[in-house]
Structure formats: structure tokens, C-alpha cells
Amino acid sequence: MNNQKFGIVGLPWDGGASLGRPGARFAPKAIREAFFWFSNRIDDNKVYDVEKRKTFSLLENGIEDFGDINIAAYSTEKTFENAENKIKGLLEENIFPFVLGGDHSISYPIIKALHDCAEGNIGIIQFDAHLDLVDDSPIQGKFSQSSQMRRALELPGVKPEHIVQIGVRSYNYPWYEAYLKERGIVQITAREVHQSTPQAVVEQALTALQGVDKIYLTFDIDVLDPAYAPGAGANEPGGLTPVQCMSMLEQLYTVVDAFDIAEVNPLYDHHDVTTAFAARIMFDCAVARLSQ
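Conventions and cut-offs
Residues numbered from 1 in each chain as written. Predicted model: local features only at pLDDT ≥ 70, side-chain atom pairs only at ≥ 80, totals over all residues. Heavy atoms only, no water. Pairing = 2+ DSSP bridges. Helix = DSSP H or I, 4+ residues; strand = E, 2+ residues; numbered from the N terminus. Axes fitted to C-alpha atoms, helices over the stretch in contact; angles between N-to-C directions. Contact = heavy atoms within 4.5 Å. Patch = residues over 30% accessible without salt bridge, like charges linked within 9 Å, V, L, I, M, F, W, Y side chains within 5 Å. Areas by Shrake-Rupley, 256 points an atom, 1.4 Å probe, with all protein chains shown as cover. Salt bridge = Lys/Arg side-chain N within 4 Å of Asp/Glu carboxyl O. Buried < 20%, exposed > 50% of the residue type's maximum accessible area, 1.4 Å probe, protein only. Expected span 1.5 Å × (residues − 1). Lys, Arg positive; Asp, Glu negative; His and termini not counted. Polar contact = N/O pair within 3.5 Å; in protein donor to acceptor, adjacent residues only side chain to side chain. Phe/Tyr/Trp six-rings, centres within 6.5 Å; stacked < 30°, edge-to-face > 60°. Lys NZ or Arg CZ within 6 Å of the ring centre and 35° of its normal.

Caption draft 1: Quick look at the sheet that holds strand S4 (residues 63–68). Taken in spatial order, the 8 strands make up an open sheet running S4-S1-S5-S10-S9-S6-S7-S8, and their pairing is parallel. The open sheet terminates on both sides in strands that have one partner only, identified here as S4 and strand S8 (186–189). Between one strand axis and the next, the sheet turns through 15° on average, direction left out of account. Pairing analysis gives 4 bridges linking strand S7 (residues 163–168) to S8, with the strands arranged parallel. By the bridge assignment for S8, Val168 is matched with Thr189. Here helix H3 (residues 107–117) sits on the sheet and contacts strand S1 (5–11), strand S5 (95–101), strand S6 (122–127), strand S9 (214–220) and strand S10 (258–262); the angle it forms with S9, its principal contact strand, is near 170°. Along the sheet face, helix H8 (residues 242–249) touches S6, S7, S9 and S10 and points at about 170° away from the line of S9.

Caption draft 2: Molecular detail of a nonpolar patch on the surface. Taken together, the side chains of Leu19, Ile139, Tyr173 and Trp175 present a nonpolar region at the surface, about 440 Å² in accessible area. Position of Ile139 among the secondary structure elements: in the loop between S6 and helix H4 (148–152). With a relative accessible area of 62%, Ile139 lands in the exposed category.

Caption draft 3: Region of interest: helix H9 (residues 273–290). For H9, spanning 18 residues, the distance from its first C-alpha to its last is 26 Å, which sits close to the expected 26 Å at 1.5 Å a residue. Summarising burial for H9: 14 of the 18 residues are buried, a large majority.

Caption draft 4: View of H3. Here H3 lies mainly inside the structure; 8 of its 11 residues are buried. Of the residues making up H3, those classed as buried are Ser107, Tyr108, Pro109, Ile110, Ile111, Ala113, Leu114 and His115.

Caption draft 5: Representation of the side chain of Asp269 in the model. Examined against the element boundaries, Asp269 turns out to sit in the loop between S10 and H9. Within the buried set, Asp269 has no salt-bridge partner at all; the shortest N-O distance to an opposite charge, 9.0 Å, is to Arg21. Only 2.7 Å separates the side chain of Asp269 from the side chain of Thr274, close enough to count as a polar contact. Discounting residues that sit within four places of it in the chain, Asp269 has contacts with Pro230, Gly231, Thr274 and Thr275.

Caption draft 6: Structural detail: the pairing of strand S3 (residues 54–57). Of the strand pairs in this sheet, strand S2 (residues 46–49) and S3 are connected by 4 bridges, and their pairing is antiparallel. What sits directly across from Tyr48, in S3, is Thr55. Following S2, the chain reverses through 4 residues before pairing antiparallel with S3; Arg53 in that reversal takes a positive phi of roughly 55°.

Caption draft 7: Fine view of the packing of aromatic side chains. Tallied over the entire structure, the rule returns 15 aromatic pairs. The interplanar angle of 20° and the centroid separation of 6.5 Å between the aromatic rings of Tyr173 and Tyr176 together place this pair among those described as stacked. A relative accessible area of 42% means that Tyr173 is categorised as partly exposed. An aromatic cluster of at least three residues, connected via ring pairs, comprises Phe6, Phe96, Phe98, Tyr253 and Phe259. Looking at Arg21, its charged tip hangs above the ring of Tyr268, at a distance of 4.5 Å from the centre. Its end group placed over the ring of Phe143, Arg151 keeps NZ or CZ at 6.0 Å from the ring centre.

Just distances and angles here, no functional claims.
Here it is, written out as C-alpha cells:
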């Protein structure tokens, strides 16, 4: 991962928000604007981390914005094909893709791109309030914000025991109980995170992913409690805190091979607090990867 460029890509798509709030298409632009608040502190390729009391030297010209995926508003399939092809191109150029969604349906083509570029199985770490394992429905179809993990499981290199869902909570459809027991997906609920420590949660996640070739990380902003993320696709009380998430993520930034942030919705945000947190995650990841 040394000398690997940090590539920002926008995927301004919320065509999969059939049950949640539409509006996440506006997130890539908003997160980029908020990102400047952090990136303007870089001086001579150095930045001081107040919390770590340490100055980090960053790879020169290590951050590059590769623009947005071409959106075909008439076609989910064409839009996802465009996304898959662009991310494959970045991976083939040894560029770390940091993708700004978009509703959570956007994860599937990015996961598929990483999957197709991997030599073996891939693992997925999903920070999310929801399970996103719906197969199909008359309202949502097969490629909604509720189905991207189900679609990922159809890829030959994605095994259910190599999916770790962190922060899941609340209530869901009755069929989930039997499905989850049968499939063996690893889940660490929001309450279990609160009762544990960030280090222990990450250790559990990485233990489940031992032996995979690549790791994908998807961060749905609604993993946070709504008090910290008013601009999310849906409100699920009982979520995680920003500090919990930051503490877990900082242990993962340098071990994952692709990353997305989903479900930031500027139309419902309050004073840009949700957008600012997404931008902070992106900057933390860039510093962690470019200062190795």
C-alpha cells in the first residue's frame, strides 16, 4: 500500500432509495466541499494531528479527485456498469478508491470491481444500522439500498462468513432469523459494540476475515445514532457515536482495499453535521494511508 494514490470518486446515485429518503445524490459534492475544511490544514505535505500530538508527512500529490461516475438516470444497470468499469481502472492503476455515495445500492458495483480484481476471496466490513440482505421486492426490486449485500453474496468470491456487519440494530423481517442462522454472516450489533471496546470489535472482525485476498469497507452513515447524523437515509435510534466509529475505523484504514461512504443526505442534514463527519472519515483515511 505504500505510495498508493488516494483516489476520490463520486457516485451521485439515489435511484435505489425506494424506501428511504432520496437526496443522497447530492452527497458527493457536499462531502467534497466539507473535505476542504480539513485538507486546507495540509502545509508542505504535512499536517498536525491534534489528538495524536503528532505531525504526519504525506505522500506528495497523494490525493487525487477522479470526478464522478457517469450516471445514466434511465438505467441502474448502465450506471452500475459505469461505476464498475471506473473502479476497476483505478484498482488496475494501484489507486485506492474512496467512493462517495449515493444511497447504499452503490456498494454493489464497487464490491464487484474489487472482487473481479482479486485473486481469491474478498471480505466485507459493513458499518450499518440495517442488514441490506433483501433479495427482491415489488417495491424495491433487486438492486435497491436494501439489497447490495445480498447481491454481493452472489459473487463466487464472497462467502457469508467473510461478511462482518457492525452496528446493526432495531427490528426487521421475520425471515431474517432463519436466514442469518443458515448463512453464518458475522454480526456485531450496536448494543454489543457499546458493551465492548473498539479494539475488541475490530479484532473480532479481522479474525473473521483471516485468509481473504482483499477487504472492502462500506460505511453507511446511519450506523451513527440519529443524534449525530440527522442527514441520513433513515433514522434508527440506538446507534453508535462518532468517537466509537472513528476509533474502529482508524484500525482499519490501512488494511482495507476499497472504501465507500453511503446514505449521506444533504437535504435532511442540519448545519452540515452529517456531511462534516463523512468528510472527516475521508480525511482520516487519506492521512492514515498516505503517511505510511
